[in-house]
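Chain by chain, the residues run as shown.
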Amino acid sequence: MSESLKRFLKPLGITAAGLALLGGLLVVSGIVPVRASSGHWAITRWFLSFSMARSVSTDSLDVTVPDTLDDPREILRGAGHYQTGCYPCHGNPTTPHPRVAQAMLPQPPYLPETLDQWEPEELFVIVKHGIKLAGMPAWPAEDRDDEVWAMVAFLKRYPSLSEEEYGTLVWGDAAPGQGRAALEAAGVVRAHVQTCVRCHGADGNSRGVGAFPRLAGQHEVYLAEALRAYVSGGRTSGIMEPIAAELTAEEIDALAAYFTAQTPRGLLTDPEALSPEAVARGERIARDGAPRRKVPSCVDCHGPGEAIENEAYPLLAGQPEEYLRTQLELFARGARDGSPRANLMHEVAENLSEEQMADVAAYYAAESPDGSPDTSSDE
Ligand code: HEC
Ligand code: HEC
Ligand code: HEC
């Protein structure tokens with residue numbers, strides 16, 4: 001407890017325990033104004049931040065920090081969402097205090113000034129659960145701790161970023177607004193849809209680094225169904241759900257058509273980072289399935305090569321390794337529902353071991369997306 005607070009409380013004979021009781025009574029009594037416009041009395045405010053910090057540190061005790069916090073792809077994935085979901089309240093290096101947020105009470109802090117007080121596991125708890133009574137929302141999707149960790153990876157890096165570095169992360173090489181002309185030409189007129197370009201690139205190759213799945217050349221029906229699944233909640237992603245929710249039915253169709261028409265280019269995973277043994281094991285699963293585990297071959301539905309002609313089956317070649325692995329885990333846990341055909345994947349994924357998922361993800365990540373001859377095997 002701070003000295004000044006003690007001095008203030010002493011004459012009143014209030015101890016820490018009494019203070020907790022008083023806080024409780026204040027809340028229960030209804031004296032505490034809950035209208036956002038009236039703010040909190042200094043003492044209630046102190047009590048709220050104190051109990052917030054305590055509960056965050058208690059909740060974080062059983063959180064295990066993954067070893068991916070320095071991974072540039074994770075930092076990029078988190079940064080992309082920061083600009084969509086956090087900037088409106090917390091600002092960014094260009095606009096530290098957005099006007100709308102200045103009217104909020106308590107005021108959302110400019111995070112580079114406050115982040116160093118939190119450990120990664122505490123940031124995880126704050127971002128996942130939000131802060132009650134402060135208007136700080138919880139992560140929009142349950143079951144997506146992988147996304148929450150991507151945000152924590154970004155927050156750890158954020159205070160050391162210059163304005164320019166921040167801009168490069170969230171906008172890519174494209175200045176804000178670039179890519180909009182192409183989308184508008186495709187019939188997508190509302191200004192906010194240029195936002196796709198930030199993460200997926202105007203050419204749909206998703207900035208080439210593996211933080212985001214590729215959209216270029218993907219089947220049109222699949223892309224539209226994926227967007228509708230984010231809207232319906234069948235597919236959970238704190239990053240894509242809020243974005244998809246803003247789209248009209250016409251925009252979904254126009255965007256799917258636009259990205260399908262783009263040319264897929266290059267791998268999104270550094271081939272050096274993939275073990276050749278894993279790729280080879282993955283190729284066997286993709287081509288022959290895993291009969292003992294009752295897993296069918298993947299290529300019949302997903303390519304490469306001759307696959308069943310079905311626009312609702314996504315192409316997988318050249319998608320990022322980590323993205324593929326995460327999606328298989330989500331199917332296996334029943335956390336990705338998606339389109340009306342997603343049930344086909346539940347059985348497949350449930351019967352794959354974790355290692356098999358990683359292998360088959362490595363195989364598809366190493367496979368060229370443009371249908372050029374397969375160079376990964378000479379069989
Ligand atoms: C609707 C506004 C709003 C949005 C959106 C929002 N926050 Fe907050 N956030 C707040 C407010 C208000 C506080 C201050 C709570 C307090 O001081 O009691 C806060 C506090 C925090 C804190 C603790 C800061 C500190 O040091 O005290 C972190 C970390 C944080 N937010 C991260 C995020 C991230 C990351 C996102 C995006 C995923 C986000 N917030 C989205 C309003 C928001
Ligand atoms: C902040 C970054 C970001 C922005 C902006 C963004 N996306 Fe995404 N997108 C992602 C991420 C991350 C995923 C993977 C989500 C998941 O795990 O389900 C994704 C997934 C998708 C998928 C599913 C791909 C697949 O193979 O299943 C589609 C379709 C998609 N986005 C379309 C769009 C469109 C259209 C827009 C613009 C309206 C857009 N995205 C804007 C980051 C972004
Ligand atoms: C009978 C057809 C079929 C078979 C066989 C099949 N899948 Fe799928 N797969 C689908 C469908 C349909 C979807 C799209 C689900 C949705 O709408 O969300 C899908 C989606 C996926 C996705 C998500 C792609 C993305 O862009 O998000 C991955 C990864 C995947 N399958 C991997 C595999 C692997 C690995 C195998 C083999 C072990 C396999 N699938 C076998 C039909 C199939």
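Structure: see above.
What you are looking at is a predicted structure, and each value in this text was computed from that prediction instead of being measured.

Q: Can you walk me through helix 13 (residues 249–260) in this structure?
A: Every α-helix carries 3.6 residues per turn, so stepping three or four residues along brings you back to the same face. The end-to-end C-alpha distance of helix 13 is 17 Å, a good match for the 16 Å that 12 residues give at a rise of 1.5 Å each. Among the residues of helix 13, those classed as buried are E251, I252, A254, L255, A256, Y258 and F259.

Q: Sorry if this is basic, but what is going on with the site of ligand 1 here?
A: The environment of ligand 1 is formed by 24 residues, the closest being C86, C89, H90, T114 and M136. Between ligand 1 and H90, the relevant distance is 2.8 Å, taken from a nitrogen atom to a side-chain nitrogen or oxygen of the residue. In the model, an oxygen atom of ligand 1 is placed 2.8 Å from a nitrogen or oxygen of the T114 side chain. Those elements that provide at least two residues to the shell around ligand 1 are helix 4 (72–90), helix 6 (120–129) and helix 7 (145–157). Here the element with the most residues in the shell around ligand 1 is helix 4; it accounts for four residues. For the shell around ligand 1, the class distribution of residues is 18 nonpolar, five polar and one charged.

Q: Even after reading the chapter, I still don't get the nonpolar core, so can you show me in this structure?
A: Within soluble globular proteins, side chains that are nonpolar generally end up buried alongside one another. Among the nonpolar cores identified, the biggest contains 36 residues, and Y82, M151, F154, L155, Y158 and L169 are the most heavily contacted of them. Those elements that provide at least two residues to this core are helix 4, helix 6, helix 7 and helix 8 (163–171). No other element matches the seven residues that helix 7 contributes to this core. Sequence-distant contacts of L169, that is, excluding residues within four places in its chain, are made with I75, L76, A79, F154, L161 and R207. Grouped together as the second largest cluster of nonpolar side chains are 26 residues, V295, V348, L352 and A362 included.

Q: Mind showing me how you'd approach the site of ligand 3 here?
A: Around ligand 3 sit 25 residues in total, of which C298, C301, H302, S339 and M345 are the nearest. A distance of 3.1 Å is found between an oxygen atom of ligand 3 and a side-chain nitrogen or oxygen belonging to Y222. One nitrogen or oxygen atom from the side chain of Y323 is found 2.6 Å from an oxygen atom belonging to ligand 3. Listed by contribution, the elements that provide at least two residues to the shell around ligand 3 are helix 15 (299–302), helix 16 (321–332) and helix 17 (343–350). Sorting elements by how many residues they give to the shell around ligand 3 places helix 16 first, with five residues. Broken down by class, the residue content of the shell around ligand 3 amounts to 18 nonpolar, four polar and three charged.

Q: Any chance you could explain unusual backbone geometry here in plain terms?
A: With the exception of glycine, the majority of residues adopt a negative phi angle, and the majority of peptide bonds are in the trans configuration. Following L105, the chain continues into P106 via a peptide bond in cis, with omega recorded as -5°. Tracing the backbone through its elements, the reader meets P106 in the loop between helix 5 (99–102) and helix 6. Here G303 and P304 are connected by a cis peptide whose omega angle stands at 0°. Mapped onto the elements of the fold, P304 is located in the loop between helix 15 and helix 16. The backbone of D143 sits at a positive phi, close to 70°, despite the residue not being glycine. Structurally, D143 is set in the loop between helix 6 and helix 7. Even without glycine at this site, S206 takes up a positive phi of about 55°.

Q: Which parts of the structure should I look at to understand the coordination of the iron atom of ligand 2?
A: For a metal with four tetrahedral donors the ideal donor-metal-donor angle is 109.5 degrees, while six octahedral donors give ideal angles of 90 or 180 degrees. Note on the iron atom of ligand 2: its protein donors are H200 (NE2) and M240 (SD). The metal-donor distances range over 2.0 to 2.3 Å. Coordination at the iron atom of ligand 2 is octahedral, judged from the six donor atoms that bind it and the angles of 84 to 178° they form at the metal. In this pair, H200 sits in helix 10 (residues 195–200) while M240 sits in helix 12 (residues 240–245), placing the two residues 40 residues apart along the sequence. Relative accessible area serves as the criterion here: at 16%, M240 is assigned to the buried category.

Q: Can you help me understand the packing of aromatic side chains in this one?
A: Any two aromatic rings considered together are summarised by their centre-to-centre distance and by the angle between their planes. Here the structure, examined in full by the defined rule, presents nine aromatic pairs. Ring plane angle 25° and centroid distance 4.9 Å describe the contact between F154 and Y158, whose orientation is recorded as stacked. The same class applies to F154 as to Y158, namely buried. Between Y158 and Y166 the ring centres are 5.9 Å apart and the planes differ by 35°, which places this aromatic pair in the tilted class. There is no split in this pair, since Y158 and Y166 are both buried. One aromatic cluster in this structure is built from Y82, F154, Y158 and Y166. Above the face of the W171 ring, R198 is positioned so that its terminal group lies 5.4 Å from the ring centre.

Q: Quick question: what am I supposed to make of the packing of helix 4 against helix 8 here?
A: Each packed pair of helices is defined by two parameters, the angle between the axes and the distance between the axes. The geometry of helix 4 relative to helix 8 is characterised by a closest axis approach of 8 Å and an angle of 90° between their N-to-C directions. Put simply, helix 4 runs roughly perpendicular to helix 8. Across the interface between the two elements, I75, L76, A79, Y82 and Q83 from helix 4 touch Y166, L169, V170 and W171 from helix 8. In the contact of helix 4 with helix 8, the residues fall into eight nonpolar, one polar and no charged.

The rules we used
- Residues numbered from 1 in each chain as written.
- Chains lettered and ligands numbered in written order.
- Predicted model: local features only at pLDDT ≥ 70, side-chain atom pairs only at ≥ 80, totals over all residues.
- Heavy atoms only, no water.
- Helix = DSSP H or I, 4+ residues; strand = E, 2+ residues; numbered from the N terminus.
- Expected span 1.5 Å × (residues − 1).
- Buried < 20%, exposed > 50% of the residue type's maximum accessible area, 1.4 Å probe, protein only.
- Near = heavy atom within 4 Å.
- Polar contact = N/O pair within 3.5 Å; in protein donor to acceptor, adjacent residues only side chain to side chain.
- Nonpolar A, V, L, I, M, F, W, Y, C, P; charged D, E, K, R; others polar.
- Core = buried A, V, L, I, M, F, W, Y, C linked by side-chain atoms within 4.5 Å.
- Contact = heavy atoms within 4.5 Å.
- Donors = N, O, S within 2.8 Å, 3.2 Å for Na, K, Ca; no water.
- Tetrahedral: all angles 85-135°; square planar, octahedral: opposite > 155°, others 65-115°.
- Phe/Tyr/Trp six-rings, centres within 6.5 Å; stacked < 30°, edge-to-face > 60°.
- Lys NZ or Arg CZ within 6 Å of the ring centre and 35° of its normal.
- Axes fitted to C-alpha atoms, helices over the stretch in contact; angles between N-to-C directions.
- Parallel < 35°, antiparallel > 145°, perpendicular 65-115°, else oblique.

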